[in-house]
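Topology and contacts: notes
Here is what each chain is made of, one letter per residue.
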Amino acid sequence: MENVIIIGTGCAGYTSAIYTARANLNPLMLTGTQPGGQLTTTTEVENFPGFPEGIMGPELMMNMQKQAEKFGTRIEFAQVEGVTKTPAGHFEVKVADKVLEAKTVIVSTGAAPRHMGIEGEEKLIGHGLTSCATCDGAFYRDVPVCVIGGGDSACEEASFLTRFASKVYLIHRRDELRASKIMADRALANEKIEPVWNSTVTDYLTDDAGEMRAVKLKSTVDGSESELEVACVFVAIGHVPNSAFLGDLVDKDENGYILQIPGKTATKTEGLFAAGDVADHVYRQAITAAGQGCAAALEAERYLADSE
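This text gives an overview of the structure that appears in the document. (Residues numbered from 1 in each chain as written. Predicted model: local features only at pLDDT ≥ 70, side-chain atom pairs only at ≥ 80, totals over all residues. Heavy atoms only, no water.)

Let us look at a positive patch on the surface. A surface patch of like charges, here positive, comprises Arg-173, Arg-174, Arg-178 and Arg-284. Residue position: Arg-174 is located in the loop between strand 12 (167-171) and helix 6 (181-188). Assessed through its relative accessible area of 40%, Arg-174 is described here as partly exposed. (Patch = residues over 30% accessible without salt bridge, like charges linked within 9 Å, V, L, I, M, F, W, Y side chains within 5 Å. Areas by Shrake-Rupley, 256 points an atom, 1.4 Å probe, with all protein chains shown as cover. Salt bridge = Lys/Arg side-chain N within 4 Å of Asp/Glu carboxyl O. Lys, Arg positive; Asp, Glu negative; His and termini not counted. Charge placed at Lys NZ, Arg CZ, Asp CG, Glu CD. Helix = DSSP H or I, 4+ residues; strand = E, 2+ residues; numbered from the N terminus. Buried < 20%, exposed > 50% of the residue type's maximum accessible area, 1.4 Å probe, protein only.)

Here you go:
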């Protein structure tokens with residue numbers, strides 16, 4: 001019987017692991033399919049306190065992992081298929097080949113990139129459609145590409161892609177970006193980035209080999225349609241929280257984000273806590289995820305103490 005199982009890594013998971021390990025709770029962390037979370041797919045992180053020169057996302061996650069392990073966190077590479085609470089009051093966490101038992105569970109599974117929902121979209125992933133510029137940008141040197149979105153992530157993706165692409169079209173459905181001012185200004189000041197305002201992508205057009213050759217655009221102003229030739233499309237329109245595996249153990253909002261008890265990371269199920277982007281649809285920052293990871297660990301520790 002584990003004292004605490006932490007599902008998912010990233011800033012929230014690693015922070016909760018550091019705190020619960022230092023409290024001698026001997027936490028077990030289950031990584032999921034993307035160890036380190038979303039920051040492993042980013043480049044330089046400039047807004048995480050303590051790094052005045054910035055730090056690369058993967059390096060930050062590796063440092064957090066080392067710190068968690070230093071204090072005794074055990075990390076297992078496993079994908080959780082489901083969680084249930086038994087009549088006895090503990091949790092059963094189902095992974096591929098076994099069921100783990102725990103007194104408390106901290107869910108820090110984050111969120112997955114949202115796609116456009118265009119027919120045939122899944123088949124194009126890896127063939128000119130992606131959600132990760134740092135993963136795939138280098139494959140598209142000296143060719144035009146586009147980024148769909150208008151937030152911080154879209155601006156960051158577009159700016160990064162200017163290192164490789166001949167031209168980066170930033171497609172947004174409105175006439176101004178919703179990104180923070182510093183991110184928007186940086187993107188729009190780059191001569192290789194061209195905004196495509198008041199437009200949505202309605203279809204992906206491929207060549208004879210099934211690779212991306214263009215997108216079909218529709219104006220949000222007058223409904224007119226056009227084609228834009230690009231070799232790759234980078235989708236940056238938000239994320240879907242990874243919460244489906246919890247079933248009815250938690251309440252969720254209309255977008256799938258876990259609802260926490262106000263002012264806490266606790267959920268409607270006693271002993272089950274949620275931290276980071278799986279529950280945060282407002283801030284979604286590395287530092288706020290870390291803060292929630294800390295809070296979840298402290299709440300879990302107090303829950304265990306009160307249960308003895």
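Structure's up, so let's keep going.
Next up on the list: the side chain of His-90. In this structure, His-90 sits in the loop between strand 6 (82-85) and strand 7 (91-95). Here Glu-101 takes part through its side chain, which lies 3.2 Å from a polar atom of the side chain of His-90. Among all residues touching His-90, those that are not within four sequence positions of it are Met-1, Thr-84, Lys-85, Glu-101 and Ala-102. (Polar contact = N/O pair within 3.5 Å; in protein donor to acceptor, adjacent residues only side chain to side chain. Contact = heavy atoms within 4.5 Å.)

Along the chain, Ile-106 turns up in strand 8 (residues 98-107). In this structure Ile-106 comes out as buried when scored by relative accessible area, which is 0%. In the structure, Ile-106 is positioned 168 residues away from Ala-274 in sequence and 5.7 Å away in space, judged by C-alpha atoms. Setting aside chain neighbours within four positions, we find Ile-106 in contact with Val-4, Ile-5, Ile-6, Ile-7, Ser-16, Thr-20, Phe-273, Ala-296, Ala-297 and Ala-300.

So, about helix 6. Of the residues making up helix 6, those classed as buried are Met-183, Ala-184 and Ala-187. One face of helix 6 carries all of its buried residues, which in axial projection span an arc of 95 degrees. Of the exposed residues in helix 6, those oriented more than 90 degrees away from the buried face are Lys-181 and Ile-182. Where helix 6 is buried, its residues touch helix 5 (152-161) and strand 13 (193-196). (Arc of directions from axis to C-beta.)

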